[in-house]
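# Reading the structure
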Amino acid sequence: MEKIQLDVIVNQRGNRTDGFINYGQKADLSFYQIPVIIIEGGKPGKTLLVDGAMHGDETEGSEAIIKLAAELEDTEFAGTFVGVPALNMEAFTIISRGTITDGFNLNRIFPGRKDQYITHYLAAHYMERVVSHVDAVINFHGGGDVLHLEPLCAYVPFDGPDDTAARVSYEMAQAFNVKYLWSQQNLPFGGITSLEYKKAFNIPTIIPEVGSQCSRFTNRDRDIDICYNGIKNVMAYFEMIPPTGQKPVEDKLHIELNYLHSRNGGIMKLCKRENEFFEEGEVLCVIDNLFGDRVEALKAPWPGIVIGYWSVPVIHPGDWCSLAAKIIDAPEFYKK
Ligand SMILES: [Zn+2]
């Protein structure tokens with residue numbers, strides 16, 4: 001596998017190189033850039049890519065990447081750690097989910113294309129310059145500024161019993177070590193990293209969702225540590241580093257996450273909060289208008305558990321008011 005080439009090198013010391021991959025010159029002559037940290041372990045092994053802030057307001061993974069990179073510097077391990085602390089730097093800089101220039105959501109347009117908008121170009125360029133050079137990917141997300149999500153880890157669903165990328169993705173998700181394991185089946189949208197990386201390169205990806213603006217108020221360090229420990233657990237799974245000794249979460253649940261949309265805007269109040277089970281027909285949240293009249297009561301379409309929700313009081317028509325999950329079995333095709 002060929003090594004990742006950087007266009008700009010900012011620091012090179014010991015086993016660590018920091019720099020940028022450029023993807024387009026702006027009118028002010030500066031470039032759109034992808035920041036990349038490459039740390040060579042010095043022994044043969046896997047190349048693990050870990051990226052954060054592809055949605056610019058989701059930064060718990062970014063902080064974990066920065067913390068772990070400082071620790072891996074000048075140490076010997078097997079393989080190569082590639083950290084991208086802010087994949088969509090244009091969105092990260094203004095603390096926005098989407099790209100400032102064209103308004104696109106980067107995680108809906110993979111594999112991207114080179115003949116359209118800058119976000120499409122970023123996706124295509126990243127796949128060519130970075131993703132095609134690695135063995136596995138951890139693509140961090142979280143609740144960002146308007147959602148809350150309980151820590152979960154998504155894996156790609158199995159296409160059949162011989163689906164090696166899905167098997168490794170599932171084992172990475174197990175190793176990452178959080179309570180909820182999300183099979184990304186029946187998604188209401190396409191163009192996301194994990195499924196497109198598998199399609200293009202047959203490589204395994206996991207998508208942890210950790211942290212949110214409301215969790216940051218008291219749990220910012222805890223959430224960063226969940227990300228940091230999760231990366232190390234996955235590195236240990238790939239035998240890049242020795243076992244971490246972290247106690248496995250015992251009561252893990254397999255889920256299919258569903259996005260329940262409000263039909264009306266107004267002031268939203270939760271009736272079921274995170275980690276609460278519900279029955280079919282139970283009200284998950286209500287929306288009142290500015291005169292105090294109830295305009296909507298969102299009922300559960302099936303029994304399940306609340307994983308997250310719209311976390312600011314004001315909601316628009318069509319927003320994700322409840323992130324509810326069906327409890328499912330472990331993947332039927334999974335064999336060790
Ligand atoms: Zn995200």
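This is a predicted model, so every value here is computed, not measured. (Residues numbered from 1 in each chain as written. Predicted model: local features only at pLDDT ≥ 70, side-chain atom pairs only at ≥ 80, totals over all residues.)

### A word on helix 3 (residues 118-129)
Along its 12 residues, helix 3 runs 16 Å from first to last C-alpha, staying within 8% of the 16 Å computed at 1.5 Å per residue. Thr-119, His-120, Leu-122, Ala-123 and Tyr-126 are the residues of helix 3 that are buried. Across the axial projection of helix 3, the buried residues extend over an arc of 160°, all falling on one side. Along its buried surface, helix 3 packs onto strand 2 (16-25) and strand 3 (31-40). (Helix = DSSP H or I, 4+ residues; strand = E, 2+ residues; numbered from the N terminus. Expected span 1.5 Å × (residues − 1). Buried ≥ 20, exposed ≤ 12 C-beta atoms within 10 Å, placed from the backbone. Arc of directions from axis to C-beta. Contact = placed C-beta atoms within 7 Å.)

### Thoughts on the pairing of strand 8 (residues 152-155)
Here strand 8 shows no split at all, with Leu-152 and Ala-154 on one side and Cys-153 and Tyr-155 on the other all buried. Where strand 8 meets strand 9 (residues 180-183), four bridges bridge the pair, whose relative direction is parallel. Along strand 9, the bridge assignment pairs Ala-154 with Trp-182. In this fold, strand 8 hands off to helix 4 (residues 164-176), which returns the chain to strand 9; that crossover is right-handed. (Pairing = 2+ DSSP bridges. Right-handed = clockwise from strand over helix to strand, strands pointing away.)

### Details of the sheet that holds strand 14 (residues 283-288)
The strand order across the open sheet formed by four strands is 15-14-12-17, and the pairing between neighbours is antiparallel. A single partner strand is all that each edge strand has here, and the edge strands are strand 15 (294-299) and strand 17 (314-315). Of the strand pairs in this sheet, strand 12 (residues 266-270) and strand 14 are connected by four bridges, and their pairing is antiparallel. Bridged to Ile-267 within strand 14 is Asp-288.

### Some points on the nonpolar core
With 88 residues, the main nonpolar core has Leu-48, Cys-153 and Ile-307 as its most contacted residues. Setting aside residues up to four positions removed in sequence, Leu-48 forms contacts with Gly-79, Phe-81, Val-82, Val-134, Asp-135, Ala-136, Val-234, Met-235, Phe-238 and Met-240. (Core = buried A, V, L, I, M, F, W, Y, C linked by C-beta atoms within 7 Å.)

### Description of unusual backbone geometry
Going from Phe-110 to Pro-111, the amide bond is cis rather than trans, its omega being 5°. Tracing the chain through its elements places Pro-111 in the loop between helix 2 (89-93) and helix 3. Notably, Ala-53 is not glycine yet its phi reads approximately 50°, a positive angle. You can see Ala-53 is positioned in the loop between strand 4 (42-51) and helix 1 (60-72). Of note, Asp-74 is a non-glycine position whose phi angle comes to about 65°, a positive value.

### Side note on the domain arrangement of the protein
Looking at the protein, the domain boundaries give domain 1 (8-237) and domain 2 (258-327). The centre of domain 1, based on its C-alpha atoms, is set 29 Å off from the matching centre of domain 2. With 12 residues of domain 1 at the contact, the number on the domain 2 side is 11 residues. Put simply, the parts of the chain that give the side of domain 1 that touches domain 2 at least two residues each are strand 7 (147-149) and helix 6 (213-237). Here the side of domain 1 that touches domain 2 takes three residues from strand 7, the largest share from any one element. (Domains from an automatic or database assignment.)

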